[in-house]
Amino acid sequence: MKVIVVGPGAFGIKHLDGIKNIDGVEVVALVGRSLEKTQQVADEYGIKQVFTDLTEALKIAADAVILCTPTQQHAAQSIQCMQAGKHVQVEIPLADSWEDSLAVVETQKQTGLTCMVGHTRRFNPSHQWVNNKITAGELNIQQMDVQTYFFRRKNINAKGEARSWTDHLLWHHAAHTVDLFAYQANSKVVKANAIQGPIHPELGIALDMSIQLQAENGAICTLSLSFNNDGPLGTFFRYICDNGTYIARYDDLVNGKEEPIDVSNVAVSMNGIELQDREFFAAIQQGREPNSSVAKVLDCYKVLHDLELQLTR
């Protein structure tokens, strides 16, 4: 399978590292804004073609596209790729508005192509382990307590490099937890509330936010997000269940007593991004809907839309 990767930044490189471990998949082109930087990454990964224009890149022979571009471009580029006949995996978030989210879903229905969103938490071995227990009837979530903390008072990316666009706590970082909570609870979010701190004078966004969720089955979730936090950094999920407490830190999992849980046998890799990519390519090859398809994650974006309306009243 031939794939085009768009965006040679921090997450584009994570996908390139994951794809190296997947048999039968070849990255045939890399697309970026800066020719020099894009060529440098392409040379490092042995990618033969480099573009600075997505439209031109979509003309080459390729089956699929992985979009690791600024949030504000996700919806339009997903639609563009599908209209060009390419399957697409777009990094989280799908969009930064409900209207754009619906437009992507409509294009997927019209084309019949695979459109998958990078909701990585569905694929991390830590969260898969919990999901397996829930599916087997061994656990039920009573509450999730989640902290998403970074130190980003300046406009920088995950590698600490200057960003040309502004990230967002609600549409990007909260999307992970809103989707994961409903997915793990196996129950739709029916109540949602949000408050935010002051708007940053330069970035134009709130650097602190608090969100409460309740699922139809009664489970609740509390999510705290901050770009003001000076360590430790990352997202930490506490699952409070009827039969145990578990804490997930990306691909690692411990119980409530901080005793490590072996999740090495959950999947073929311990890398959530690689597992996400494996699902994308397998779904295309098998002609099935992938986990975290645009249709399966759509409810998350309706919740984010409703929360945004609360915050802007």
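To start, this report covers the structure provided alongside it. The structure presented is a predicted model; accordingly, all values stated were derived computationally and were not measured.

Bringing the layout of surface pockets into the picture now. Roughly 340 Å³ of volume is contained in the second largest pocket. Surrounding the second largest pocket, 19 residues form its lining, Lys-188, Val-189, Asp-299, Cys-300 and Val-303 being those nearest its centre. Per-element accounting of the lining of the second largest pocket gives the leading share, seven residues, to helix 9 (residues 294-311). The residue makeup of the lining of the second largest pocket, split by class, is ten nonpolar, one polar and eight charged.

This part is about the pattern of salt bridges. In total, this model carries nine salt bridges according to the counting rule given. In this structure, Lys-59 engages Glu-56 in a salt bridge whose closest nitrogen and oxygen atoms are separated by 2.9 Å. Under the relative-accessibility criterion, Lys-59 is labelled exposed at 60%. The closest approach of N and O atoms between Asp-306 and Lys-302, which form a salt bridge, is 2.9 Å.

Turning to the sheet that holds strand 6 (residues 115-118), a few remarks are in order. The six strands are arranged 3-2-1-4-5-6 in an open sheet whose pairing can be described as parallel. The sheet is open, and its two borders are formed by strand 3 (49-51) and strand 6, each paired with just one other strand. Between one strand axis and the next, the sheet turns by 20° as a mean value, whatever way the strands run. The pairing of strand 4 (residues 64-67) with strand 5 (residues 87-91) spans four bridges and is parallel. Each bridged residue has a counterpart across the sheet, and for Ile-66 the counterpart in strand 5 is Gln-89.

Further remarks concern the packing of aromatic side chains. All told, the structure shown has three aromatic pairs when counted by the stated rule. Above the face of the Phe-11 ring, Lys-14 is positioned so that its terminal group lies 5.5 Å from the ring centre. Here Arg-152 stacks its cationic end above the ring of Phe-150, 4.5 Å away from the centre of that ring.

Let us look at helix 5 (residues 98-111). Residues three or four positions apart in an α-helix share a direction because the helix packs 3.6 residues into each turn. Along its 14 residues, helix 5 runs 20 Å from first to last C-alpha, staying within 8% of the 20 Å computed at 1.5 Å per residue. Of the positions making up helix 5, those classed as buried are Trp-98, Ser-101, Val-104, Val-105, Thr-107 and Gln-108. Its buried side turned inward, helix 5 meets helix 4 (74-83), strand 6, helix 7 (169-185) and helix 9. Residue Ser-97 occupies the N-cap position of helix 5, its side-chain oxygen lying 3.1 Å from the main-chain nitrogen of Asp-100. Backbone geometry just downstream of helix 5 places Gly-112 in the positive-phi region, at approximately 75°.

Rules behind the numbers
Residues numbered from 1 in each chain as written. Predicted model: local features only at pLDDT ≥ 70, side-chain atom pairs only at ≥ 80, totals over all residues. Heavy atoms only, no water. 1 Å grid on protein atoms, 1.4 Å probe; cavity = no way out; pocket = protein on both sides within 12 Å on 5 of 7 lines; lining within 4 Å. Points joined across faces, edges and corners; volume = space filled by probe spheres on them. Helix = DSSP H or I, 4+ residues; strand = E, 2+ residues; numbered from the N terminus. Nonpolar A, V, L, I, M, F, W, Y, C, P; charged D, E, K, R; others polar. Salt bridge = Lys/Arg side-chain N within 4 Å of Asp/Glu carboxyl O. Buried < 20%, exposed > 50% of the residue type's maximum accessible area, 1.4 Å probe, protein only. Pairing = 2+ DSSP bridges. Axes fitted to C-alpha atoms, helices over the stretch in contact; angles between N-to-C directions. Phe/Tyr/Trp six-rings, centres within 6.5 Å; stacked < 30°, edge-to-face > 60°. Lys NZ or Arg CZ within 6 Å of the ring centre and 35° of its normal. Expected span 1.5 Å × (residues − 1). Contact = heavy atoms within 4.5 Å. Polar contact = N/O pair within 3.5 Å; in protein donor to acceptor, adjacent residues only side chain to side chain.

Keep in mind these numbers describe shape, not what the thing actually does.
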